[in-house]
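The primary structure of each chain is shown beneath.
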Amino acid sequence: MPIYAYACRACSERLELRASIAEKEAGLAPTCPACGSTPMRQLLTTFATRSSGDPQPASSAPAGAGCCGGGCCGA
Ligand SMILES: [Zn+2]
């Protein structure tokens with residue numbers, strides 16, 4: 001279950017909230033535990049859900065080297 005971090009706009013109090021995706025999409029509006037201000041500003045969490053070595057799609061564009069680069073097979 002992902003953790004969402006919020007900061008209070010009024011007093012900068014931080015809050016970490018554990019909520020399901022469904023709860024998040026339904027609209028989370030946490031209240032500042034320190035001053036009761038709402039809504040709080042969502043922060044980017046460092047809670048990494050992606051695996052290390054994020055696979056980057058290899059560039060499939062031809063480098064222009066080889067046969068087609070010289071125009072010998074297209075024309
Ligand atoms: Zn506050």
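Residues numbered from 1 in each chain as written. Predicted model: local features only at pLDDT ≥ 70, side-chain atom pairs only at ≥ 80, totals over all residues. Heavy atoms only, no water.

What to know about the packing of aromatic side chains
Scanning the entire structure with this criterion turns up 0 aromatic pairs. A cation sits over an aromatic face here: lysine 24 above tyrosine 4, 5.1 Å from the ring centre. (Phe/Tyr/Trp six-rings, centres within 6.5 Å; stacked < 30°, edge-to-face > 60°. Lys NZ or Arg CZ within 6 Å of the ring centre and 35° of its normal.)

Topic: the pairing of strand E2 (residues 14-18)
Where strand E1 (residues 3-7) meets E2, 5 bridges bridge the pair, whose relative direction is antiparallel. For isoleucine 3, the partnering residue across the bridge sits in E2 and is arginine 18. (Pairing = 2+ DSSP bridges. Helix = DSSP H or I, 4+ residues; strand = E, 2+ residues; numbered from the N terminus.)

What to know about the coordination of the zinc ion
The zinc ion binds to the protein through Cys8 (SG), Cys11 (SG), Cys32 (SG) and Cys35 (SG), with metal-donor distances spanning 2.2 to 2.3 Å. Taken together, the 4 donor atoms surrounding the zinc ion define angles of 105 to 119° at the centre, an arrangement classified as tetrahedral. In terms of primary sequence, the donors binding the zinc ion are separated according to C-x2-C-x20-C-x2-C. One end of the pair, cysteine 11, is in the loop between E1 and E2; the other, cysteine 35, is in the loop between helix H1 (21-27) and strand E3 (41-43), and 24 residues separate them in sequence. (Donors = N, O, S within 2.8 Å, 3.2 Å for Na, K, Ca; no water. Tetrahedral: all angles 85-135°; square planar, octahedral: opposite > 155°, others 65-115°.)

Focus on the environment of isoleucine 21
On the secondary structure map, isoleucine 21 appears in helix H1. Look at isoleucine 21 and you get partly exposed, because its relative accessible area is 48%. Residues within four places of isoleucine 21 in sequence aside, it is in contact with Pro2 and Tyr4. (Buried < 20%, exposed > 50% of the residue type's maximum accessible area, 1.4 Å probe, protein only. Contact = heavy atoms within 4.5 Å.)

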